[in-house]
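Notes for the structure review
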Amino acid sequence: MMYRTHFILHVAKFAPKDRNIFPNLSKYCSRNLAQSPKPVTEPNEGANKKSAAIVKAYGEKLVIEEIKHPDPATHKLGKDDVVIQPKTSSLTFADLLMIQGKYQIKPDVPFVAGREVSGKILETGGDVKDFKKGDKIFAFLPNGGGFANTMILPQKNCFALPQNMDYKVASSLYTSYITAYLGLVYKGNLTSHDKVLVTGAGGAVGMAAVDICANAYKTKVIGVTSSPEKSEAIRQKGAFATIELSNLYKTSVNAESEKKKVNGKIIESPIKQKVLALTDGKGVDLIYETLGGSIFEDCVKCLSFDGRLLIIGFSSGTIPSIQTNRLLLKNHTLIGFTMTNYYNQEPNTIFQESFQAISSYWEKSYIHPTIDPQSFDLSKINDAIEYLKHKKSIGKVIINLE
Ligand SMILES: NC(=O)c1ccc[n+]([C@@H]2O[C@H](COP(=O)([O-])OP(=O)(O)OC[C@H]3O[C@@H](n4cnc5c(N)ncnc54)[C@H](OP(=O)(O)O)[C@@H]3O)[C@@H](O)[C@H]2O)c1
C-alpha cells in the first residue's frame, strides 16, 4: 500500500496536468506471477498443430514441437485457470539472453521460450470472476511460456486489454512501455522540464522511452542510435535530436584502448560534445542507458548538475563500472532498475498501475508503439532470433502464434 501511495504521489507531482493516467483504477484487473508452463512434447511432429518453441539446451536453436500438455481438449481446467487462444507474442533482447542462458532468470531446460503473450480467452475455470470467454488479454510471462499456440494460465497472470486494441499492438506495447514508464517516471522522476538522453534508442525499450518522453511528457529527448534509418525513426517519434555513433566507435566500444581513436585523432567522448552542444552546454537531466560498456562512461559525462542516470541494460555485452568520486563531484544519481522485479514483488500495485497508465496513454493516442515491418510465424522463430541478433529491427519484432 505504501508503494501505491508513493507511486501515485510521484505521478500526481510530475505528470503534465492533462495526463490523467489513472482515470479508472478498477478497469484493468491486477494479476501476478506467471509460472512458465512446462510442456510435455513429442518431437518432430510439425509446427502446424499445438506447438511451442522450446529451449532444449541453452545456446542452441529453438525446437518447434507439438505440445501434448497442457491441451485444452483434454486438460481438466483448474478453477482459477483460463484457456487462452494465443494470437501474438514478441521477441526481445531479454528473450535472446534467456535462450542463451545469460539472463538473470534461468529456467531448467527444456522450457518454452517467450516472455509475453496476447490472446483471447476461450474458456474459464469455475472461480474465474474477472474474465469471460472472448475477453482479450495480455500476460507477462517472465519465466517463459509465450511462444506457444495453445496455453492455459492462472487468471492472476492475465490483464484485460482495451477492447479496441489489436493483439499486435498489445505485444508491441506492454513489456517495453512498462519498462520505459517505470524507469523514467517511477524511478527517474521524469518531469516535463527534463532534457533526456536515450541510448539504444532504435531498440524496443529505447523507442518506448523516446515515445513516452516526447509525446506523453513533452520533454526534450535526444536519441542515440547507430544508423541513419534508426535516427530517422527516432526523429519521427518526436526526438528533439539524434546522435549517431560512427561504426568505428561502435565496433570498438568494448576496447578501451581503441575507443577514442577515430581517423588517427584522439577525440574526447563524441557523445559528450554533441550533448553539450544540444543543451546549451548544460548536459541532460536524465539518461536512460541501455548499452553499457564505454558508452555508459561517456554518458556520465553528459549529465547536468544533479542529473540522474538509469541503468536499463547492457546490450553492448559489457557491464561498466564507475569511480564514485565522479558522482559525488556533480551530485549525480545512478539508479538501478529491473521491471520484472516489480512484476514479481508488486504485481497488484506498481505493475498493475503501470499497465493501466500505458493502456490509458494508448487510448488517448499519446503513444504509438513502433512495430517492425518484419513479423515472423512461430515456425520461423529461429529466423526472428537471427534478425534481432543482427540488429535489423526497428521497434518490436512480433511473433504470430495463430
Ligand atoms: N531494466 C529492465 O527492466 C529492462 C527491461 C527490458 C529490456 N532491458 C534491457 O534493455 C536493453 C535493450 O532491450 P530491447 O528489448 O530494447 O532490445 P533491442 O530491441 O534488441 O534493442 C537493443 C538496441 O541496442 C543496440 N545494440 C544491440 N546490440 C548492441 C551491441 N553489441 N553493441 C552496442 N549496441 C547494441 C541496438 O541499437 P543500435 O542498432 O542503434 O546500435 C539495438 O537497437 C537490453 O540490454 C535489455 O536487456 C532492460
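Residues numbered from 1 in each chain as written. Predicted model: local features only at pLDDT ≥ 70, side-chain atom pairs only at ≥ 80, totals over all residues. Heavy atoms only, no water.

1. A word on the overall build of the protein chain
A tally of regular secondary structure across the protein chain gives 12 helices and 19 strands. Per-residue burial over the protein chain gives 56% buried out of 402 residues. Considering only contacts in the protein chain between residues 6 or more positions apart, those separated by 24 or more positions represent 73%. For the protein chain, the computed accessible surface area is about 17,200 Å², with 51% contributed by carbon and sulfur atoms. (Helix = DSSP H or I, 4+ residues; strand = E, 2+ residues; numbered from the N terminus. Buried < 20%, exposed > 50% of the residue type's maximum accessible area, 1.4 Å probe, protein only. Contact = heavy atoms within 4.5 Å. Areas by Shrake-Rupley, 256 points an atom, 1.4 Å probe, with all protein chains shown as cover.)

2. Let's talk about the packing of aromatic side chains
Counted under the stated rule, the structure contains 14 aromatic pairs. Aromatic side chains Phe140 and Tyr343 sit 4.8 Å apart centroid to centroid with 80° between the ring planes, which places their arrangement in the edge-to-face category. Residue Phe140 is found in strand β7 (residues 136-140), and its partner Tyr343 is found in helix α10 (residues 339-345); the two are separated by 203 residues along the sequence. On the basis of relative accessibility, which here comes to 0%, the residue Phe140 falls in the buried class. Every member of this aromatic cluster is reached through a ring pair, and the members are Phe138, Phe140, Phe159, Tyr174, Tyr343, Phe351 and Phe355. (Phe/Tyr/Trp six-rings, centres within 6.5 Å; stacked < 30°, edge-to-face > 60°.)

3. Digging into helix α11 (residues 347-363)
Of all 17 residues in α11, 15 are buried; the element is thus mostly enclosed. Directly beyond the C-terminal end of α11, a positive phi value near 60° is found at Ser365.

4. Describing the pairing of strand β15 (residues 284-289)
Extensive coverage of β15 is indicated by the burial of 5 of its 6 residues. Where strand β10 (residues 195-199) lies against β15, 3 bridges are found, and the strand directions are parallel. Paired with Val196 across the strands is Leu286, a residue of β15. As judged from the 5 bridges shared by β15 and strand β16 (residues 303-311), these two strands associate in the parallel manner. Paired with Ile287 across the two strands is Leu309, which belongs to β16. Read from β15 through helix α8 (residues 293-300) to β16, the crossover connection turns out right-handed. (Pairing = 2+ DSSP bridges. Right-handed = clockwise from strand over helix to strand, strands pointing away.)

5. Section: the environment of Phe147
In this structure, Phe147 sits in the loop between β7 and β8 (151-154). Using a relative accessible area of 0% as the deciding quantity, one classes Phe147 as buried.

6. Some remarks on the packing of helix α4 (residues 204-216) against helix α5 (residues 228-237)
At their nearest, the axes of α4 and α5 sit 9 Å apart, and the two run at 30° to each other. In terms of orientation, α4 lies roughly parallel with respect to α5. Relative to α5, the crossing made by α4 is right-handed. Across from Met207, Val210, Asp211, Ala214 and Asn215 in α4, the residues of α5 making contact are Ala233, Ile234 and Lys237. Split by residue class, the contact of α4 with α5 holds 5 nonpolar, 1 polar and 2 charged. (Axes fitted to C-alpha atoms, helices over the stretch in contact; angles between N-to-C directions. Parallel < 35°, antiparallel > 145°, perpendicular 65-115°, else oblique. Left-handed = near helix turned anticlockwise from the far one by under 90°. Nonpolar A, V, L, I, M, F, W, Y, C, P; charged D, E, K, R; others polar.)

7. Considering the confidence of the model for the protein chain
Of the residues in the protein chain, 80% reach a pLDDT of 70 or more, and the chain-wide mean stands at 85. Low pLDDT, under 50, characterises residues 1-48; the stretch is placed with 132 contacts to residues that sit more than four places away or in other chains. Ignoring residues within four places in sequence, the model shows residues 250-254, a span with pLDDT below 50, making 11 contacts including any to other chains. (pLDDT = per-residue confidence, 0-100.)

8. Here we look at the environment of Ser304
With respect to the helices, strands and loops of the structure, Ser304 is situated in strand β16. We classify Ser304 as buried; its relative accessible area is 7%. Considering only alpha carbons, one finds Ser304 and Lys282, 22 residues apart in sequence, at a separation of 5.5 Å. Ser304 has contacts with Lys282, Gly283, Val284, Asp285, Lys330 and His332, leaving out every residue within four places of it along the chain. A polar atom in the side chain of Ser304 sits 3.3 Å from the side chain of Asp285. (Polar contact = N/O pair within 3.5 Å; in protein donor to acceptor, adjacent residues only side chain to side chain.)

9. Some details on the layout of surface pockets
Roughly 190 Å³ of volume is contained in the second largest pocket. What lines the second largest pocket is a set of 13 residues, and nearest its centre among them are Val300, Lys301, Leu303, Lys330 and His332. Counted by class, the lining of the second largest pocket contains 5 nonpolar, 3 polar and 5 charged residues. (1 Å grid on protein atoms, 1.4 Å probe; cavity = no way out; pocket = protein on both sides within 12 Å on 5 of 7 lines; lining within 4 Å. Points joined across faces, edges and corners; volume = space filled by probe spheres on them.)

10. Quick word on the sheet that holds strand β12 (residues 241-244)
A sheet is described by the order of its strands in space; here 6 strands give the open sequence β12-β11-β10-β15-β16-β17, paired in parallel fashion. Each end of this open sheet is capped by a strand with a single partner; those strands are β12 and β17 (333-336). Direction aside, the axes of adjacent strands within the sheet are offset by 20° on average. Helix-sheet contacts for α5 involve β11 (220-225) and β12, and the interaxial angle to β12 is about 165°. Across the sheet, helix α7 (residues 270-278) lies against β10, β11, β12 and β15, angled at about 165° from β12, the strand it touches most.

11. Considerations on the pattern of salt bridges
A complete count under the given rule lists 7 salt bridges for this structure. Salt-bridge contacts for Glu232 lead to Arg235; the nearest nitrogen and oxygen are separated by 3.2 Å. Taken together, the residues span about one helical turn, with Glu232 and Arg235 both in helix α5 at a distance of 3 residues. Across the pair Lys389 and Glu386 runs a salt bridge, and its minimum N-O distance is 3.6 Å. Residue Lys389 and its partner Glu386 are located together in helix α12 (residues 381-389), separated by 3 residues, close to a single helical turn. Take Glu386: its relative accessible area is 34%, and that puts it in the partly exposed class. (Salt bridge = Lys/Arg side-chain N within 4 Å of Asp/Glu carboxyl O.)

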